Amino acid sequence: MTPPAVPAAVAPVVAAFLADRGAVDAALRRFGSPVHLVFPQVFDANLTALRTVLDAAAPRYRICYAHKVNRSGAFARAAAAAGIAIDVASVWELRAAQAAGFAGDRIEVTGPKGVALLREAVAAGATINVDNLWELETLVAMAGPDSPVPVLLRISGFAEGAPSRFGIDLGAAGAALELLVRHRARLRLLGFAFHLDTAATAERIGAVTDCLRLIELAYTRELAPSVLDIGGGLRQVFTADATAYDAYDAALRAGLRGTGPALQWGAATFGYQVCGGAIHGGPVYHKYANTEPAAAILADLLATPLPGHGGHTMDRVLADNLLDLWLEPGKALVDQAGITIATVEFVKQAGNGATLVHLDLSRDTVTAADQEVLIDPIVLSATARDEPVGVFFAGRLCLERDLITQRQVRLDGVPAPGDRVVFANTAAYHMDLSAAIAGMHPLPAKVAVCRDDSGFTLCPDADYRPDGVVV
Ligand SMILES: *Cc1c(COP(=O)(O)O)cnc(C)c1O
């Protein structure tokens, strides 16, 4: 039995590119294999979808693209050209944002920061999304008396949800406000922020409610916050077919349970706990099941009534209180905006009967740490085939764990050396977050791809400039 297929969702411009074999071959000839391709036009379309929701619901808002999802300069330049802001989390990202054309007043610095990053961020005139009281005290010492540093307080420790290592605990927010009151000439409180590692609307509404309370508390201390920053966490759509995801998940669990053919490699359990004949827990790949676009999640959030606000919806409460809504979407802006293409080197049979398709790529180049990608790679083969097989994709490193898939993937036939293999939707956290240069392999080239009337144009990511913008 071959495993069920899990087709990837692919943006129209990306699908058109993959259908144009001349363009694909030209990209690989020019930039080598493997290669990361980013599509700024998909970034723009994702941004437009979020803006459409916000324009209808929230009169005042700011979108800060979370740079950390991808090192790409093309995405940063696309964000700058579109007039949004950027969220950076290291001195390198800060400098990249400046190079992409962002002035300090459109840069927000989040995450845990040391002295070096704080100093550079203050010098840039960026807004500091403060993680802890030490940071706040350090900023007091760094700020000039005549130019207060704009700060947001990042809050965590809300009633619901997992504990977070980031932010100021809700219980310590009072102490932070004391500090801000004492040093009002050096620090200017813009508002409160959070970033939750979940897509659950209920949890986010709880955090919004707590932050609105803090805004009121700050008013009583004669501070004047006007920003509510709800962070990122809007989800991506990876699968083209939710029922295919479910079918694969069921087949994989049957294999783990021993009631169906084993689809896993060795002892891999993908986060499931296998106990006798039963399976407990959730899989590491659950995010690949999502079918709700980010814009719909955002619309739903804004239309949710806030407890304690007379049943008014979140967008209404923000508008009534003249509050600015800030968002820090990362993965939602680059959803389906990047792919990675590798090449088959050889195919072999392992002793356990598995078919291994060996690529010129390592697992960490297309997989976020600790995860397993549950959409299928796409094989671009010159010939049509109709002999379905289940294969594992193997990486190029001399490590047992460098299997690109630890699960069998259904293909129409066994690939041949030289066939191209496309990993879809790698732009957020897949292509850059874990990639190592083990084995002295250089990192793959990153290339921006745009479609115009004459076809596809390609340029090194670092050289990309959006139309009409001279940087
Ligand atoms: C990573 C991060 C984001 C972006 O998160 P996504 O889930 O990619 O939208 C936004 N804000 C902060 C503080 C982050 O650390």
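Worth saying up front: this structure is predicted, and the values here are computed from it rather than measured. (Residues numbered from 1 in each chain as written. Predicted model: local features only at pLDDT ≥ 70, side-chain atom pairs only at ≥ 80, totals over all residues. Heavy atoms only, no water.)

K.L.:
Give me the lowdown on the state of the cysteines, citing residues and values where you can.
P.N.:
This model, assessed by the stated rule, comprises zero disulfides. You can see Cys-211 has no disulfide; the closest cysteine sulfur is in Cys-64, sitting 15 Å from it. (Disulfide = S-S within 2.5 Å.)

K.L.:
Hey, could you go over the packing of aromatic side chains for me, with residue numbers and the actual values?
P.N.:
Evaluation of the coordinates by the stated rule reveals 11 aromatic pairs. Ring geometry for Phe-43 and Tyr-65: centres 5.1 Å apart, planes at 90°, overall edge-to-face. On the criterion of sequence distance, the pair formed by Phe-43 in helix H3 (residues 40-57) and Tyr-65 in strand S2 (residues 61-66) is long-range, its members being 22 residues apart. The pair Phe-43 / Tyr-65 is uniform in exposure class, with both members buried. Measuring from ring centre to ring centre gives 5.8 Å for Phe-158 and Phe-194, while their planes differ by 80°; the resulting arrangement is edge-to-face. With Phe-158 in the loop between strand S6 (149-156) and strand S7 (168-169) and Phe-194 in the loop between strand S8 (187-193) and helix H9 (201-220), this residue pair connects regions lying 36 residues apart in the sequence. With relative accessibility at 10%, the residue Phe-158 sits in the buried group. On the basis of relative accessible area, Phe-194 is assigned to the buried category, the value being 1%. Positioned above the aromatic ring of Trp-326, the side-chain terminus of Arg-62 is 4.6 Å from the ring centre. (Phe/Tyr/Trp six-rings, centres within 6.5 Å; stacked < 30°, edge-to-face > 60°. Helix = DSSP H or I, 4+ residues; strand = E, 2+ residues; numbered from the N terminus. Buried < 20%, exposed > 50% of the residue type's maximum accessible area, 1.4 Å probe, protein only. Lys NZ or Arg CZ within 6 Å of the ring centre and 35° of its normal.)

K.L.:
Describe in detail the nonpolar core, supporting the description with residues and values.
P.N.:
Formed by 112 residues in total, the largest nonpolar core has its most connected members in Phe-17, Tyr-65, Leu-153, Phe-192, Met-314 and Ile-341. Broken down by element, this core gets its largest block of residues, eight residues, from H9. Residue assignment places this core across two domains, with domain 1 (12-39 + 337-450) and domain 2 (41-235 + 290-333) each supplying three or more. (Core = buried A, V, L, I, M, F, W, Y, C linked by side-chain atoms within 4.5 Å. Domains from an automatic or database assignment.)

K.L.:
Help me get a handle on the packing of helix H1 (residues 12-19) against helix H2 (residues 21-31), residues and values and all.
P.N.:
Following both chains from N to C, one finds H1 and H2 inclined at 85°, their axes separated by 5 Å at the closest point. Classified by the interaxial angle, the pair formed by H1 and H2 is roughly perpendicular. Residues Phe-17, Leu-18 and Ala-19 of H1 lie in contact with H2, whose contacting residues are Arg-21, Ala-23, Val-24 and Ala-27. Tallied by class, residues from the contact of H1 with H2 come to six nonpolar, no polar and one charged. (Axes fitted to C-alpha atoms, helices over the stretch in contact; angles between N-to-C directions. Parallel < 35°, antiparallel > 145°, perpendicular 65-115°, else oblique. Contact = heavy atoms within 4.5 Å. Nonpolar A, V, L, I, M, F, W, Y, C, P; charged D, E, K, R; others polar.)

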